[in-house]
Amino acid sequence: MVSKAYLLSVFSIWHIQNIVLAGIILLILGLLVYMLSYMYFKSVYDKKFDKWSLISDLLIRKAVFYDDEEESEGDSAIPVTARAEKLMDNKHFRKLLINEIMSAKRSITGISADNLKHLYVQLGLDKYALGNLSSGRWYIRAKAIQELTIMSMHEFVDQLCLYADDKNDLVRMEAQSALIQFNGFDGLHFLDTVTYPISNWQQIKLLQQLSHLPPANIDMTQWFKSDNSSVIIFTLKLARIYQRFDLYYDIVSCLDHPDPLVRYEAIHCLNEIYTDETSDDFISRFLGEILKNQLAMIKVMETVGTEKDVLFLLDLLNHENDEIKIGAARALVQSNKDGMVSLEKYSKESNDSINEIVMHIKGEVAA
Amino acid sequence: MKILVAEDDQLMIKMLEFRLKKDGHDVVITNDGRAAVQKLDDFQPDLVITDIMMPYLSGLEVVSAVKKRYPTGTPVIILSGMGQENVVLEAFQLGADDYMTKPFSPNELSVRVRRFEAPLVK
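Being a predicted model, the structure only gives us computed values, none of them experimental.

### Section: the overall build of chain A
- Along its length, chain A carries 18 helices and zero strands.
- Since a compact globule built from 367 residues should have a radius of gyration of about 21 Å, the 35 Å found for chain A marks it as more spread out than a globular shape.
- When its C-alpha atoms are laid out on the principal axes, chain A stretches across 110 × 100 × 40 Å.
- The buried share among the 367 residues of chain A stands at 32%.
- Expressed as a percentage of contacts within chain A between residues at least 6 apart in sequence, the contacts between residues at least 24 apart total 65%.

### Quick look at the overall build of chain B
- Across its full length, chain B carries five helices and five strands.
- On C-alpha atoms alone, chain B measures out to a radius of gyration of 13 Å, which is about the 14 Å that the 2.2 N^0.38 rule sets for 122 residues.
- Counting over 122 residues, chain B shows a buried share of 38%.
- Here the analysis covers contacts within chain B between residues at least 6 apart in sequence; of these, 60% occur between residues at least 24 apart.

### Notes on the sheet that holds strand β1 (residues 2-6) of chain B
All names here are of chain B.
- Read across the open sheet, the five strands follow the order β2-β1-β3-β4-β5; overall the sheet is parallel. Strands with a single pairing partner mark the edges of an open sheet, and in this sheet they are β2 (26-30) and β5 (98-101). Strand-to-strand twist across the sheet, computed as the mean angle between neighbouring axes with direction ignored, equals 15°.
- Alignment of strand β4 (residues 76-80) against β5, held across four bridges, turns out to be parallel. When the sheet's bridge partners are listed, I77 is paired in β5 with D98.
- Across the sheet, helix α1 (residues 10-22) touches β1, β2 and β3 (47-50), and the angle it forms with β2 is around 165°.

### Concerning the confidence of the model for chain A
- Considering every residue of chain A, the mean pLDDT works out to 90; 97% of them sit at 70 or more.
- Mean pLDDT per element in chain A: helix α18 (residues 352-366) of chain A is the minimum at 80, and helix α12 (residues 260-270) of chain A is the maximum at 97.

### Some thoughts on the interface of chain B and chain A
- Taken together, the contacts link 14 residues of chain B with 16 residues of chain A.
- Counting residues per element, the ones that place at least two in the side of chain B that touches chain A are α1 and α5 (106-121) of chain B.
- With seven residues, the top contributor of residues to the side of chain B that touches chain A is α1 of chain B.
- In terms of residue class, the side of chain B that touches chain A is made up of seven nonpolar, two polar and five charged.

### A few points about the packing of helix α6 (residues 138-150) of chain A against helix α8 (residues 169-183) of chain A
Residues and elements named next belong to chain A.
- In contact at an axis separation of 8 Å, α6 and α8 are set at 15° when each is read in the N-to-C sense. If you check the angle between α6 and α8, you find them roughly parallel. Crossing of α6 over α8 shows left-handed handedness. Where α6 abuts α8, its residues W138, R141, A142, I145, Q146 and T149 lie against L170, V171, E174, A175, S177, A178 and Q181.

### Some points on α8 of chain A
Residue and element names in this part refer to chain A.
- With 15 residues, α8 should reach 21 Å at 1.5 Å per residue; the first-to-last C-alpha distance of 21 Å fits that figure.
- For α8, the complete set of buried residues consists of V171, R172, M173, E174, A175, Q176, S177, A178, L179 and I180.
- Contacts from the buried residues of α8 go to α6, α7 (157-161) and α9 (200-210).
- After α8 finishes, the residue G184 shows a positive phi value of roughly 60°.

### Looking at the nonpolar core
Residues and elements named next belong to chain A.
- The biggest cluster of nonpolar side chains holds 113 residues, and the ones touching the most others in it are I145, I251, A266 and A329.
- Ranked by residues supplied to this core, first place goes to helix α10 (residues 229-241) with seven residues.
- Sequence-distant contacts of I251, that is, excluding residues within four places in its chain, are made with L236, A239, A266, C269, L270 and I273.

### As for helix α4 (residues 110-122) of chain A
All names here are of chain A.
- Taking 1.5 Å of rise per residue, the 13 residues of α4 would be expected to cover 18 Å, and the 18 Å separating its terminal C-alpha atoms lies within 8% of that figure.
- Buried residues of α4: S112, A113, N115, L116, L119 and Y120, and no others. Considered in projection along α4, the buried side chains sweep an arc of 155° and stay on one side of the axis.
- Taken from the residues just after α4, G124 is the one with a positive phi, measuring 75°.

### Remarks on the pairing of β2 of chain B
Residues and elements named next belong to chain B.
- Here five bridges tie β1 to β2, and the two strands are oriented parallel to one another. Residue L4 lies in a different strand from β2, and its bridge partner there is V28.
- Running through α1, the crossover from β1 to the neighbouring parallel element β2 is right-handed.

### Examining the environment of L255 of chain A
All names here are of chain A.
- In this structure, L255 sits in the loop between α11 (248-253) and α12.
- Judged by local crowding, L255 falls into the buried class, with 22 C-beta atoms found within 10 Å.
- With 65 residues separating them in the primary sequence, L255 and F190 have C-alpha atoms 24 Å apart.
- Sequence-distant contacts of L255, defined by excluding residues within four places in its chain, comprise R263, A266, D281 and R285.

### Thoughts on the environment of P75 of chain B
Residues and elements named next belong to chain B.
- In this fold, P75 is placed in the loop between α3 (59-69) and β4.
- Between the alpha carbons of P75 and V48 there is a distance of 6.4 Å; along the sequence they are 27 residues apart.
- Ignoring any residue separated from it by four or fewer positions in sequence, one finds P75 in contact with L47, D97 and F116.

Cut-offs and rules
Residues numbered from 1 in each chain as written. Chains lettered and ligands numbered in written order. Predicted model: local features only at pLDDT ≥ 70, side-chain atom pairs only at ≥ 80, totals over all residues. Helix = DSSP H or I, 4+ residues; strand = E, 2+ residues; numbered from the N terminus. Rg over C-alpha atoms; globule rule 2.2 N^0.38 Å. Buried ≥ 20, exposed ≤ 12 C-beta atoms within 10 Å, placed from the backbone. Contact = placed C-beta atoms within 7 Å. Pairing = 2+ DSSP bridges. Axes fitted to C-alpha atoms, helices over the stretch in contact; angles between N-to-C directions. pLDDT = per-residue confidence, 0-100. Nonpolar A, V, L, I, M, F, W, Y, C, P; charged D, E, K, R; others polar. Parallel < 35°, antiparallel > 145°, perpendicular 65-115°, else oblique. Left-handed = near helix turned anticlockwise from the far one by under 90°. Expected span 1.5 Å × (residues − 1). Core = buried A, V, L, I, M, F, W, Y, C linked by C-beta atoms within 7 Å. Arc of directions from axis to C-beta. Right-handed = clockwise from strand over helix to strand, strands pointing away.

Listed below in structure tokens is the structure:
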């Protein structure tokens, strides 16, 4: 006789199995519906996207080769179809078109590039970019600045100025690059007021942009007095690259700056812009410097050192730090023609460790 | 004039194709250096326009291949975003006949292409 309890347990297992099975079937059905609807919407979107791409390509082609077209005569507006104009209200189409216009603008110059700008303005895309400048989202602001820069919208340079000290670093970078793009060296006047740090990467980028421009003798003295250390560092780089000898005393004044990074850049700068007083400026500050800057000073003394610095450098051969000793020996040999003689003479009167350094430097000179 | 274009940027391809065809040239487009070299025998171009940075074979390798195959003829114009002196020099040393850096003017390209057309007319 099968017990009631046994029957109940069999029924309950059967019941649970059915529920699980039904769940799995529902899940599979759900996935199927999801996949089918995804594929359907994707294909609808792809078709739409292809159509938009075609419209966008035609618009760009029309603009790029506008001067060749017969219809250009007597009419300054680039012909735009009613359908394309209607699509301007669609933000997805606008995004696609703007990306294509920007990409084309990056690749071409001359009348064709001017025509692309013409099309961009004619379609009112500049107004959208201007609106995006005041967006709360940083990436929209940055993209808008980039867009206006690529499209050479010089007329909006005053608006872009406002973002050169934006709280977001990428927005700042785009705005600062835009100012250089539009105003050349004069664009650097954002340094008068910038409070946020200019990253090393941004400094490289700005210098790279400036390298394509003819040098300009702009007034940089006020930037040496900036409260923003990165502004002083960048100014020192500019002074070094553009050989601004007129700024010599401003550069030397940076050797007393509280920020060691500024002092380091000043030392580096004095390797290019120096006088016969430069080594004295180093010697008088040497003891108060951090090791990294002491080593930099000794390295620069290879270039700026003279006979009068021999005693100072010989004295450094007894320094507790080996890098300083080797650097001093190297500077001694490189900075004056009798340096090796002085070094050898000194080593004869000194201990073994100095002899080893002398041998090392001799090896370097021989190589 | 039969022009073989090697370029991997789709927008550039569209612009180049449109411009060159509009100027009355017979244009064949390839999307990479290897395809351009493979097309040389079939198409027998009068001029090759090539980018430098491309998949499989670079534009410089395309220049070498063209000059190896046609030592006396078939000029090559490089159209590249790379304007560094060493790259330009290398291109000319390999036998490139002209070098244009991007961004470029399509009108200027058109005139430069026409320059290579003249000997054919003669």
